[in-house]
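# Examining the three-dimensional arrangement
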Amino acid sequence: MLTRPITQREASVDRQDVVAVFVAVLVPLVTALAGVLSLLVQDWRLRRSRADRRRLAFEDATRQVAFTVEWWTARQLLPTTPETLQDATAVAQGWLDEASARVSAAEVQSPVPRGRLLLLYRFQHRSAKAIRIGFFIMLGVMALSSLSIVGTALAGGTDLGWQVVFLVLFGILALSLRFWAVSANSTGQD
């Protein structure tokens, strides 16, 4: 069995093919990883923000209850009639109810929607919906571009560099559209 030696050109084409296929697979994975990491950071910020709001609500309610107790004590030291005492009781009860409502409102947490990475939840604003459609189109273009790179690499094509560059640009554009859609939906642009 005779084997012919592999030329330098054939070896470099094989390396280029391997690199191109590796990049074609790596770019969508990195894009997805960046999306997942951004979601984790957003969730962390949301949890921290909720905890801070809850802590501030408890502190405000505590101060309001303390003020109500001191005010009630001072009010009882003044000469009063049953009518004025009843009015003072109603005012104090209103302040206590307000403090309780403030704490209750801080306890209510909105659920984090599922399918956040691919924006598979209901959007409220038309502009965000339109941007989300652009995001889905870019995901489709990235999938087609990845398939094109794999096909070109398997066929031994030489224009892989530009295809990889376009795939990276499509990935960056898809991430930008995703962040823009979330921002447009949360700020209420329409």
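Now for a look at the structure at hand. (Residues numbered from 1 in each chain as written. Predicted model: local features only at pLDDT ≥ 70, side-chain atom pairs only at ≥ 80, totals over all residues. Heavy atoms only, no water.)

### Side note on the packing of aromatic side chains
Taken as a whole, this structure holds six aromatic pairs when the rule is applied. With a centroid separation of 4.9 Å and an interplanar angle of 70°, the aromatic rings of W71 and W95 are classed as edge-to-face. Here W95 lies in helix α2 (residues 82-107) and W71 lies in helix α1 (residues 8-77), a separation of 24 residues in the sequence. Judged by its relative accessible area of 24%, W71 is partly exposed. For W95, a relative accessible area of 24% translates into the label partly exposed. Considering the side-chain rings of Y121 and F123, the 5.0 Å spacing of their centres and the 45° angle between planes classify their relative orientation as tilted. Exposure remark for Y121: the relative accessible area of 17% places this residue in the buried category. Using a relative accessible area of 2% as the deciding quantity, one classes F123 as buried. The structure contains a cluster of three or more aromatic residues connected by ring pairs, namely F67, W71 and W95. Over the ring of F123 we find R132; its NZ or CZ atom is 4.4 Å from the centre of that ring. (Phe/Tyr/Trp six-rings, centres within 6.5 Å; stacked < 30°, edge-to-face > 60°. Helix = DSSP H or I, 4+ residues; strand = E, 2+ residues; numbered from the N terminus. Buried < 20%, exposed > 50% of the residue type's maximum accessible area, 1.4 Å probe, protein only. Lys NZ or Arg CZ within 6 Å of the ring centre and 35° of its normal.)

### Considerations on helix α3 (residues 126-155)
The terminal C-alpha atoms of α3 lie 43 Å apart, and with 30 residues this matches the ideal 44 Å at 1.5 Å per residue to within 8%. Within α3, the full set of buried residues consists of A128, I131, R132, G134, F135, M138, M142, S145, S146, I149, T152 and A153. With its phi angle positive at about 80°, G156 sits one or two positions after the end of α3. (Expected span 1.5 Å × (residues − 1).)

### Section: the packing of α3 against helix α4 (residues 160-187)
Two measures define how a pair of helices packs: the angle their axes make with one another and the distance between the axes. In contact at an axis separation of 8 Å, α3 and α4 are set at 160° when each is read in the N-to-C sense. As far as their axial angle goes, α4 and α3 are roughly antiparallel. Here α3 runs over α4; the crossing is left-handed. (Axes fitted to C-alpha atoms, helices over the stretch in contact; angles between N-to-C directions. Parallel < 35°, antiparallel > 145°, perpendicular 65-115°, else oblique. Left-handed = near helix turned anticlockwise from the far one by under 90°.)

### Digging into the pattern of salt bridges
Enumeration over the complete set of coordinates arrives at four salt bridges. Residues R102 and E98 are paired through a salt bridge, measuring 3.4 Å at the closest nitrogen-oxygen approach. Separated by four residues within a single helix, R102 and E98 lie in helix α2, roughly one turn from each other. By relative accessible area, R102 is classed as partly exposed at 30%. Connected via shared salt-bridge partners are D52, R55 and E59. (Salt bridge = Lys/Arg side-chain N within 4 Å of Asp/Glu carboxyl O.)

### Quick word on the nonpolar core
In terms of nonpolar packing, the biggest core is built from 22 residues, with L119, F123 and I149 touching the most fellow members. At the level of elements, α1, α3 and α4 are the ones that each hand at least two residues to this core. In terms of residue count, α4 provides more of this core than any other element does, eight residues in total. Discounting residues that sit within four places of it in the chain, F123 has contacts with A128, K129, R132, A181 and N185. (Core = buried A, V, L, I, M, F, W, Y, C linked by side-chain atoms within 4.5 Å. Contact = heavy atoms within 4.5 Å.)

### Brief notes about the environment of A24
Tracing the chain through its elements places A24 in helix α1. Each C-alpha atom of the pair A24 and V150 lies 6.8 Å from the other, and the pair is 126 residues apart in sequence. With near-sequence residues (within four places) excluded, A24 lies in contact with S146, I149, V150 and L167.

### Concerning a nonpolar patch on the surface
Judged by side-chain polarity, W162, V165, F166, V168, L169 and I172 come together as a nonpolar surface patch covering roughly 590 Å² of accessible area. One can find I172 in helix α4. (Patch = residues over 30% accessible without salt bridge, like charges linked within 9 Å, V, L, I, M, F, W, Y side chains within 5 Å. Areas by Shrake-Rupley, 256 points an atom, 1.4 Å probe, with all protein chains shown as cover.)

Distances and angles like these do not, on their own, reveal function.
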